[in-house]
Protein chains: 2
Amino acid sequence: MIRVAIAEDHQSLIDGINLLLKYEEDISVVGMVNDGEALVNLVNLKQPHVVLTDIKMPKMDGITACKYILKERPHTKVIAFTMFEDQGAVSEMIAAGAKGYLLKNSPLEDVLTAIKEVHKGGTFFDKTIDVEAASNPSGQGAKKSLLSKSEREILRLIGEGKSSSEIAEIRFNSVSTIEKHRKNMIRKLGLSGKGELLRYALETKYNFES
Amino acid sequence: MIRVAIAEDHQSLIDGINLLLKYEEDISVVGMVNDGEALVNLVNLKQPHVVLTDIKMPKMDGITACKYILKERPHTKVIAFTMFEDQGAVSEMIAAGAKGYLLKNSPLEDVLTAIKEVHKGGTFFDKTIDVEAASNPSGQGAKKSLLSKSEREILRLIGEGKSSSEIAEIRFNSVSTIEKHRKNMIRKLGLSGKGELLRYALETKYNFES
DNA sequence: AAAAACATACCCGTTAGGGGGTATTTTTTT
DNA sequence: AAAAAAATACCCCCTAACGGGTATGTTTTT
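The residue count restarts for each chain, going from 1 along the sequence in the order it is written. Chain letters start at A and ligand numbers start at 1, both assigned in the order the entries are written. A pLDDT threshold of at least 70 governs which residues receive local features in this predicted model, and a stricter bar of 80 or more applies before side-chain atom pairs are shown or counted, although totals over entire chains, interfaces and linings include all residues. Where side-chain values are given, they derive from all heavy atoms of the structure, hydrogens and water being excluded.

**Details of the protein's contact with DNA strand C**
So, step 1. Residues in close proximity to DNA strand C total 21 residues, the closest being A:R182, A:K194, B:S148, B:S150 and B:S174.
So, step 2. A:S192 is positioned with one of its backbone polar atoms (N or O) 3.2 Å from a phosphate oxygen of DNA strand C.
So, step 3. Pairs of N or O atoms within 3.5 Å make up the polar contacts considered here, provided that, within protein, one atom can donate a hydrogen while the other can accept it, and that residues adjacent in sequence are counted only when both atoms are side-chain atoms. With respect to DNA strand C, the side chain of B:S148 contributes an N or O atom lying 2.2 Å from a phosphate oxygen.
So, step 4. When its residues are assigned to classes, the surface near DNA strand C shows 1 nonpolar, 10 polar and 10 charged. Near is defined per residue: the residue qualifies when any heavy atom it owns lies within 4 Å of the molecule or strand. Each residue gets one label: Ala, Val, Leu, Ile, Met, Phe, Trp, Tyr, Cys and Pro are nonpolar, Asp, Glu, Lys and Arg are charged, and the others, such as Gly, are polar.

**What to know about the environment of B:S28**
Residue and element names in this part refer to chain B.
So, step 1. Looking at the element boundaries, S28 is found in strand β2 (residues 27–33).
So, step 2. Put simply, S28 and P48 are 20 residues apart on the chain and 9.4 Å apart in space, counted from C-alpha to C-alpha.
So, step 3. Contacts: residue pairs with any heavy atoms within 4.5 Å of one another. For S28, the residues in contact, after removing those within four places along its chain, are M1, I2, R3 and V4. In DSSP terms, a helix is any run of H or I states spanning at least four residues, a strand is any run of E spanning at least two, and both are numbered starting from the N terminus.

**Some points on the relation of the copies chain B and chain A**
The operation relating the two chain copies consists of a rotation about an axis and a shift along that axis.
So, step 1. Between the two copies, chain B and chain A, the superposition gives an RMSD of 0.4 Å; the rotation angle is 180 degrees and the shift along the axis is 0.0 Å. Between the two chains, the operation in question is that of a two-fold axis. When each C-alpha of chain B is compared by its distance to the rotation axis, B:G16 comes out closest, at 1.9 Å.
So, step 2. A shared binding surface is used by both copies, with 100% of the interface residues of chain B retained as interface residues in chain A. Superposition of the copies used a least-squares fit over C-alpha atoms from residues whose pLDDT is at least 70 in both.

**Structural notes on the side chain of A:E151**
Residue and element names in this part refer to chain A.
So, step 1. You can see E151 is positioned in helix α7 (residues 149–159).
So, step 2. Here K188 takes part through its side chain, which lies 2.8 Å from a polar atom of the side chain of E151.
So, step 3. Apart from the residues lying within four places of it in its own chain, the contact partners of E151 are L146, H181, N184, M185 and K188.

**A few points about the pairing of strand β5 (residues 100–103) of chain B**
Residue and element names in this part refer to chain B.
So, step 1. Residue alternation in β5 divides its side chains into two sets, G100 and L102 and Y101 and L103, and both sets are buried.
So, step 2. A pair of strands is considered paired only if DSSP assigns at least 2 bridges between the two. By the bridge criterion, 4 bridges tie strand β4 (residues 77–82) to β5 in an arrangement that is parallel. Counted as the bridge partner of A80 is Y101 from β5.
So, step 3. For the crossover from β4 across helix α4 (residues 87–96) to β5, the handedness is right-handed.
So, step 4. Where β5 and strand β6 (residues 124–125) come together, 2 bridges link them in parallel fashion. Across the sheet, the residue bridging to G100 is F124, located in β6.
So, step 5. Whether a crossover is right-handed depends on one test, that the path from the first strand over the helix to the second runs clockwise when the strands point away from the viewer. What joins β5 to β6 is helix α5 (residues 109–119), and the crossover it makes is left-handed. Categorising residues by exposure relies on relative accessible area from a 1.4 Å probe, with only protein chains included: less than 20% of the type maximum marks a residue as buried, more than 50% marks it as exposed, and the intermediate range marks it as partly exposed.

Below is the structure:
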């Protein structure tokens, strides 16, 4: 019997997955939650074999939750289930230790296949994902984790609507430092215009709202 | 037998809805599509009684699709199914003639209830929605349609990443006109900073990407 | 017909963000 | 120990996007 936990902020989708798994003899859903913090608690409590988690969720995103889970219970198999067909998100998820990556525009059957596959010790990634490029960050052609720690933090603050001077205050930096980081990010990411960085922050980052 | 069409860009959610409706004797799903244009075609072809549609979809958003559908086939019952818990979106959808409004974080059972209800000639709106405020735009406390036609179009272009000068070229206006509209919108919407308008455009508009 | 809202377009001035540099210190990787 | 990457901070210069006005013609509403 495979014990499965699900984290996803759209209840309707959880219900759909449940309908699918209900008729599977060898799978039992041990819990369903709507945010990342609740997921971490649930895993510690119920100790599922497989975790299916969204990335963009309230309170804690799925990548962070994955790290917490695998630190506590390293044998848990984590599968990402998200709408981000984004190389960066895939890389981060793989780096965090995920064993699978599903897209919401794929058929629901894939969920079943993926759960069984990772439980057997394998992996399951959506066909559209280039696992090679995402998992080996050393390759020349890869855009990889591109941004450094500071840069990512600053990007997050940009996504929260902060100005450079506000960010400078928060991080105890000078304004020019923040602006330097902005410029470096724009160059690294190959962006052009003014609002582009904000657009990028809003569209890419998985953890805003609530 | 209630004939239902579904439009939704996440295949997994469609599959979930299908699992739910499959066991209903009096409901048959006549088609499922992943974008707004395909929905309009599907409705003309299969003439369903009830249409369940997402708002944010590729090619054409659900609000526009709803208008097209009801122009051609006024007796079709349209239900919005979306993650936007947004007064403006609800208002626009009601104005377009929708008979129901569901949220994706609600239980999937609601879909079933809503389909049956609207088919009987009724309406079904999620409990969290203030139908009164949304359907009568005259009320004093409502923020209503606030923005004028030109302003909305400019806001859409801002959401697409266009600069003021680019927008000016597209609309054959002077740059100062576009900037004037920007300022008026910022004032009307009570926004402050630089990126705020872009944030608003990205977060509010339902029809970007693809 | 009068009033209100909208669309157009200009003025002046300020500033945050960005393009393109350089430099120093710390951390990480090799 | 040496090299590379990251973090800090400054320089100059330029422009888009503001804030806050005014003005004029066109719709729309009352």
